[in-house]
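So you can see what is in the structure, the chains are spelled out below.
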Amino acid sequence: LVLYGKPVPAQSWLGVPIMHGDKVQGVIAVQSITTSGLFKEYDQEVLTNIARSVGNALALSRQYQQTLEAAEESFVFKQGLENSSDAVFITDLQGAITYVNPAFEKMYGFARNDAIGKTPRILKSGIIPQESYEQFWQNLMNQQIVAGEIVNKTKDGRLIPIEGANIPVVDRYGKPLSYLAIHRDISERKRAEQALHASGDILSKRASQLAAVAKVSTAAATVLSPVELLQNVVDLTKENFNLYHAHIYLVKENSSALILTCGSGEIGRELVEQKWEIPIELEHSLVAQAARMRKGVVVNDVRTDPGFLPNDLLPSTVSELAVPMIAGEELLGVLDVQSDQVDFFTEDDIAVYTTLTYQISIALNNARLYSHTRLRIQREQELREISTQVRGLMEPDVILRTAVR
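This structure is a prediction, so every number in the text was calculated from the model and none was measured.

Points about the nonpolar core
Membership of the largest hydrophobic core comes to 30 residues, with the highest contact counts inside it found for Leu230, Leu243, Ile248, Met325, Val337, Tyr353 and Leu356. Elements with a minimum of two residues in this core: helix H5 (187-221), helix H6 (226-240), strand E10 (245-251), strand E14 (319-327), strand E15 (330-339) and helix H9 (347-391). The dominant element in this core, judged by the number of residues it contributes, is H9, at eight residues. Setting aside its immediate chain neighbours within four residues, tyrosine 353 contacts Thr237, Phe241, Leu243, Leu321, Val323, Leu335, Val337 and Phe345.

Overview of the packing of aromatic side chains
In the structure shown here, the tally under the stated rule is seven aromatic pairs. Aromatic side chains phenylalanine 344 and phenylalanine 345 sit 5.1 Å apart centroid to centroid with 90° between the ring planes, which places their arrangement in the edge-to-face category. Each of the two residues, phenylalanine 344 as well as phenylalanine 345, counts as buried. Three or more aromatic residues joined by ring pairs make a cluster, and in this case those are Phe241, Phe344, Phe345 and Tyr353.

A few points about the pairing of strand E5 (residues 87-91)
Burial analysis of E5 places five of its five residues in the buried class, which makes it a mostly covered element. Both E5 and strand E9 (residues 176-185) contribute to a ladder of five bridges, which runs antiparallel. The partner of alanine 87 across the bridge, within E9, is histidine 183. Between E5 and the antiparallel strand that follows it, strand E6 (residues 97-100), lie five residues; glycine 95 among them carries a positive phi value of about 95°.

Some words on the pattern of salt bridges
Counted under the stated rule, the structure contains nine salt bridges. A salt bridge links glutamate 82 to arginine 112, with the shortest nitrogen-to-oxygen separation between them at 3.5 Å. Of this pair, glutamate 82 sits in helix H1 (residues 41-83) while arginine 112 sits in helix H3 (residues 112-115), and the two are 30 residues apart along the sequence. Residue class for glutamate 82 comes out partly exposed when judged on its relative accessible area of 21%. Several salt bridges converge on common partners, so that one network encompasses Glu82, Glu105 and Arg112.

Considering helix H4 (residues 130-141)
The first and last C-alpha atoms of H4 sit 17 Å apart over 12 residues, in line with the 16 Å expected at 1.5 Å per residue. Within H4 the residues assigned to the buried category are Tyr133, Phe136, Asn139 and Leu140. Relative to the axis of H4, the buried residues are bounded by an arc of 125° and lie together on one face. In this structure, the buried side of H4 is in contact with strand E7 (146-153), strand E8 (159-170) and E9. Among the residues trailing H4, glutamine 143 stands out with phi positive, at a value near 60°.

About the criteria used
Residues numbered from 1 in each chain as written. Predicted model: local features only at pLDDT ≥ 70, side-chain atom pairs only at ≥ 80, totals over all residues. Heavy atoms only, no water. Core = buried A, V, L, I, M, F, W, Y, C linked by side-chain atoms within 4.5 Å. Buried < 20%, exposed > 50% of the residue type's maximum accessible area, 1.4 Å probe, protein only. Helix = DSSP H or I, 4+ residues; strand = E, 2+ residues; numbered from the N terminus. Contact = heavy atoms within 4.5 Å. Phe/Tyr/Trp six-rings, centres within 6.5 Å; stacked < 30°, edge-to-face > 60°. Pairing = 2+ DSSP bridges. Salt bridge = Lys/Arg side-chain N within 4 Å of Asp/Glu carboxyl O. Expected span 1.5 Å × (residues − 1). Arc of directions from axis to C-beta.

Dropping the structure here:
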């Protein structure tokens, strides 16, 4: 002891533990600095009873405080669940729903009274295998957190993608009490992912198409025979654009009609032999429309379009796209491509095929110019040969016979 700043030895001392059950909470000690041998066995019994009462009071106080804290935590926890934007529900160990929050009611369309007492089977979409549900419950009963994506069904039958976590709730001793489920609607995210994927597919398709345009254009530019050039174009176009068929109509000389000049494959050659012609003014013809309007035309289900002219040699045509071939102001013809799939062509495809026909038109004009130039040079050479042969002749009859020959 310290008294007035000076240490004072204790003459008598008695201490007993403060117990609650078999757990020591502290110690009560009493001392005398004046009398030795002051404390008797009776005093120890009295102090022990006091310590026991203090121990009980401390335990009750701590338990009360813990209860208050638990109640506060429970209130905060429940408020958090009630205000959560995620759907939350709790089930007992048998799987019966004992609580749902407002977000659950909003997301799934079940009122609280409709859901409580039911099992989560009311949310089953019918597209998840039964084995998956069995594995899910087995993992939960093994006190494992189960998280991931799933498709659930609302009360009105809508299917919604869910990102969820299912958590086993246990007491301090690890004994399972219930199961807590937290579900988040990821419909918007899925739509964004699908849009992004579709956008990637479109970009990939467009890149592939532009590469095909370059390939066909390069091949066309190296061929100087108009007929051979166009045949190469339709064959390469069908192959590189994954088409059912492709053919080209050219404007017939001194006529207002389009004549089939080349077609892909054996069927195309057979059609050319049949000498197909389409009047530009023919109303119900996709090819004639493209020629008259001087812009691309698409029909993605020809079976319902009056402008489609069916052909027995092309029975599987379902979608069709026709694009005019124009050089400067001159209409040269029409590129007509066909697919055996519904909705195969898009409005964006018109721009791609227009680019292709522009390149084809340039190549065709160059090939025609080359052919005309070669023919003119050939004729000039022939004229020079005739002139050379008749130049040295003197008799009129011989000159005439030589020139005619």
